[in-house]
Amino acid sequence: MKDVKVYGPGCKRCEKTEELVKAAAAKLGIEVSVEKVTDPRAIAMAGVMSTPGVSVDGKLVHTGGLPDSGKLERWLSA
């Protein structure tokens, strides 16, 4: 199971990012645990300067804007 964190204040882009992560995981048949991190201090401590941010298994892989579905699939497959 992959541990995915979506960092952001709860905006529409952050919600959409969570949906994209779940859709990519379903397409690949991978189980994911998605956690939404909304605390500004926790977001900053993770190194996210622009939201939404995404980490997979503790590695920050994306910040700022909606992630591309192809990239999401690569990150989840790794």
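Residues numbered from 1 in each chain as written. Predicted model: local features only at pLDDT ≥ 70, side-chain atom pairs only at ≥ 80, totals over all residues. Heavy atoms only, no water.

A.B. asks: Sorry if this is basic, but what is going on with the environment of Ala24 here?
C.D. replies: With respect to the secondary-structure elements, Ala24 resides in helix α1 (residues 12-28). Counting along the chain gives 53 residues from Ala24 to Ser77, while the straight-line C-alpha distance between them is 9.8 Å. (Helix = DSSP H or I, 4+ residues; strand = E, 2+ residues; numbered from the N terminus.)

A.B. asks: Is there a simple way to explain unusual backbone geometry in this structure?
C.D. replies: Working note: non-glycine residues mostly have negative phi, and peptide bonds are mostly trans. Following Thr51, the chain continues to Pro52 via a peptide bond in cis, the omega torsion being 0 degrees. Topologically, Pro52 is positioned in the loop between α2 (40-45) and β3 (53-56). Although it is not a glycine, Asp57 sits at a positive phi angle of roughly 50 degrees. Within the secondary structure layout, Asp57 lies in the loop between β3 and β4 (59-63).

A.B. asks: Looking at this structure, how should I read the nonpolar core?
C.D. replies: Here is a general trend for soluble globular proteins: nonpolar side chains tend to be buried in one another's company. Counting residues in each nonpolar core, the largest one holds nine residues, listed as Val4, Val21, Ala24, Ala25, Val54, Val56, Leu72, Trp75 and Leu76. Among the elements of the structure, α1, β3 and α3 (69-77) are those that each provide at least two residues to this core. Residues contacting Ala24, with those up to four places away along its chain left out, are Leu72, Glu73 and Leu76. (Core = buried A, V, L, I, M, F, W, Y, C linked by side-chain atoms within 4.5 Å. Buried < 20%, exposed > 50% of the residue type's maximum accessible area, 1.4 Å probe, protein only. Contact = heavy atoms within 4.5 Å.)

A.B. asks: In this structure, what is going on with the pairing of β3? I would like to understand it.
C.D. replies: Side-chain positions along a regular strand alternate between the two faces of the sheet. Neither face of β3 is open: one carries Gly53 and Ser55, the other Val54 and Val56, and all of them are buried. Where strand β1 (residues 2-7) meets β3, four bridges bridge the pair, whose relative direction is antiparallel. If you follow Val4 over to β3, its bridge partner there is Val56. Pairing of β3 with β4, which is carried by four bridges, proceeds in the antiparallel orientation. What sits directly across from Gly53, in β4, is Thr63. (Pairing = 2+ DSSP bridges.)

In short, the description is geometric, and any link to function would need to be established separately.
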